[in-house]
Amino acid sequence: MHLSTDEIILLQYGAIKLNATIATTWLLMILLVAGAKHVTRNLGNEVRITRWQSLLEIIVIGIRNQIGEVGLRQPEKYLGFVGTLFLFIATANLLTVFPVYEPPTGSLSTTTALALLVFVAVPFYAIRERGLPGYLKTFAEPTLIMLPFNIISELSHTLALAVRLFGNMMSGTMILAILLIVTPFIFPMLMNMLGLLTGMVQAYIFSVLATVFIAAASGTSDTINEDRG
Amino acid sequence: MDNTTLIAAASIITAGLTIGLGVLGPGMGQGRAVASALLALAQQPDASSTITRTLFVGLAMIESMAIYCFVVSMILLFANPFWNHVIAQVK
């Protein structure tokens, strides 16, 4: 029984360890890049397009519409970042259908890295949108007294993002491992299916929350300020 | 009762209490959230996409409280720092 895939060490060369998290992440990256390469190899704009291209269009347009619905005015600017986050987490979580695979998102180091990306991306997009003084001014809203609380909330968002994804994915594999001991026949399979659903929902929520934080900081939103928590 | 037994007993009991008490609040919160979302859906079926999206994000927010408790209890059970410390001293 292990808490995260960090503890499985595949190769060790002196002080440098290659654990299962890194290996799976690299495999995922190869899979995603090769898939994207394969799909975009021959794009066309005729009436009949290839199946892969229509899959790609469904995904990209879907993500763009979701970003737009959250309240950002020009979804294309954020499509690359949020879309990559969503695709990576969704692929990482969905591949749990394969027996020996353990999701890298079930390790706190991966989720912390993803949350840190969001932590950096929020000021990046906000400064690009409203300039450095405008961004710094959002910390002093509504009054200057709220300054420390705004900073704390910024940090706690990052922590919450990381722990939420980690907890959900870790609980999935953990419950599966416990169920295999208790009722090893059909029930683990049902929980695995539930785990697939949770994985998709968590991927969606992670990217939506990233969008919400970016939107709230860049001030291009109108409806989502009550979602900050 | 020596230190090892004390830490083991305290960890196990606290893990159970953590998940038990920690799930109470989020459970009631999620129930209320879903109830009001269903009410809103019944009154305004047109706004279903917005309501559903906000509901999911809100549920994730509420659920993360329970997930924190789960993580704490898992750490207490499987990666307990106090336990590791005591075991390292015994060896």
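Source: prediction; values computed, not measured.

Conventions and cut-offs
Residues numbered from 1 in each chain as written. Chains lettered and ligands numbered in written order. Predicted model: local features only at pLDDT ≥ 70, side-chain atom pairs only at ≥ 80, totals over all residues. Heavy atoms only, no water. Helix = DSSP H or I, 4+ residues; strand = E, 2+ residues; numbered from the N terminus. Rg over C-alpha atoms; globule rule 2.2 N^0.38 Å. pLDDT = per-residue confidence, 0-100. Contact = heavy atoms within 4.5 Å. Buried area = accessible area lost by both parts, 1.4 Å probe. Salt bridge = Lys/Arg side-chain N within 4 Å of Asp/Glu carboxyl O. Polar contact = N/O pair within 3.5 Å; in protein donor to acceptor, adjacent residues only side chain to side chain. Nonpolar A, V, L, I, M, F, W, Y, C, P; charged D, E, K, R; others polar. Axes fitted to C-alpha atoms, helices over the stretch in contact; angles between N-to-C directions. Parallel < 35°, antiparallel > 145°, perpendicular 65-115°, else oblique. Core = buried A, V, L, I, M, F, W, Y, C linked by side-chain atoms within 4.5 Å. Buried < 20%, exposed > 50% of the residue type's maximum accessible area, 1.4 Å probe, protein only. Phe/Tyr/Trp six-rings, centres within 6.5 Å; stacked < 30°, edge-to-face > 60°. Pairing = 2+ DSSP bridges. Expected span 1.5 Å × (residues − 1).

With that settled, consider the overall build of chain B. Broken down by element type, chain B carries three helices and zero strands. Walking chain B from its N terminus toward its C terminus, one meets helices and strands in the order α-α-α. Over its C-alpha trace chain B gives a radius of gyration of 20 Å, far above what one expects of a compact globule, namely 12 Å for 91 residues. Referenced to the eigenvectors of the C-alpha coordinate spread, the extents of chain B come out at roughly 65 × 20 × 10 Å.

Attention now moves to the confidence of the model for chain A. Residues with a pLDDT of 70 or more make up 95% of chain A, whose mean pLDDT is 85. Low pLDDT, under 50, characterises residues 221-229 of chain A; the predicted model gives this stretch 17 contacts beyond four residues in sequence or across chains.

Between chain B and chain A, the residue contacts involve 17 residues of the former and 22 residues of the latter. Across the chain B/chain A interface, buried area totals approximately 1700 Å², and carbon plus sulfur atoms make up 76% of it. When the area that chain B buries against chain A is broken down by residue, the three leading residues are B:Arg53, B:Val57 and B:Met61, summing to 32%. Run the count over chain B and chain A and you get one salt bridge. At the surface where chain B touches chain A, the tally comes to three residue pairs in polar contact (both at pLDDT 80 or more). Looking at the side of chain B that touches chain A, its residues break down into twelve nonpolar, three polar and two charged.

Further remarks concern the packing of helix α6 (residues 187-218) of chain A against helix α2 (residues 48-78) of chain B. Relative to each other, α6(A) and α2(B) sit at 100°, their axes nearing to 10 Å. Accordingly, the angle class assigned to the pair α6(A) and α2(B) is roughly perpendicular. On α2(B), the residues that touch A:Val201, A:Gln202, A:Tyr204, A:Ile205, A:Val208 and A:Leu209 of α6(A) are B:Arg53, B:Phe56, B:Val57, B:Ala60, B:Met61 and B:Glu63. When the residues that make up the contact of α6(A) with α2(B) are grouped by side-chain class, the tally is nine nonpolar, one polar and two charged.

With that settled, consider the nonpolar core. Core analysis: the largest hydrophobic core is formed by 44 residues, its most contacted members being A:Phe81, A:Val118 and A:Phe206. The element that contributes the greatest number of residues to this core is α6(A), accounting for eleven residues. With near-sequence residues (within four places) excluded, A:Val118 lies in contact with A:Phe81, A:Leu85, A:Leu161, A:Phe206, A:Ala210 and A:Phe213. If you look at the next biggest cluster of nonpolar residues, it comprises nine residues, including A:Val163, A:Phe166, A:Met174 and B:Val71.

Right, let's get into the packing of aromatic side chains. Residues and elements named next belong to chain A. For the coordinates displayed, the defined rule picks out four aromatic pairs over all chains. The interplanar angle of 50° and the centroid separation of 6.3 Å between the aromatic rings of Phe81 and Tyr125 together place this pair among those described as tilted. Remark: Tyr125 occurs in helix α4 (residues 108-138) and Phe81 occurs in helix α3 (residues 75-94); sequence separation between them is 44 residues. The two residues Phe81 and Tyr125 agree in class, both being buried. What links up through ring pairs into an aromatic cluster is the set Tyr78, Phe81, Phe124 and Tyr125.

Residues and elements named next belong to chain A. Counting buried positions over the five residues of strand β1 (residues 9-13) gives zero, only a small fraction of the element. The pairing of β1 with strand β2 (residues 16-19) spans four bridges and is classified as antiparallel. Within β2, the residue paired with Tyr13 across the bridge is Ile16.

So, on to the pattern of salt bridges. Under the counting rule described, the total for this entry stands at three salt bridges over all chains. Note that B:Arg53 is salt-bridged to A:Glu69, the shortest N-O span being 2.9 Å. Within this pair, whereas B:Arg53 is found in helix α2, its partner A:Glu69 is found in helix α2 (residues 51-70), the two belonging to separate chains. The class of A:Glu69 is partly exposed, set by a relative accessible area of 38%. Across the salt bridge formed by A:Lys77 and A:Glu129, the nearest N and O atoms sit 3.0 Å from each other.

Residue and element names in this part refer to chain B. Taking 1.5 Å per residue as the helical rise, helix α1 (residues 3-43) with its 41 residues ought to reach 60 Å, and the 60 Å between its terminal C-alpha atoms agrees with that figure. Listing the buried residues of α1 in full gives Thr4, Ser11, Ala15, Thr18, Gly22, Pro26 and Ala37. Against the buried residues of α1 lie α2 and α3 (81-90).

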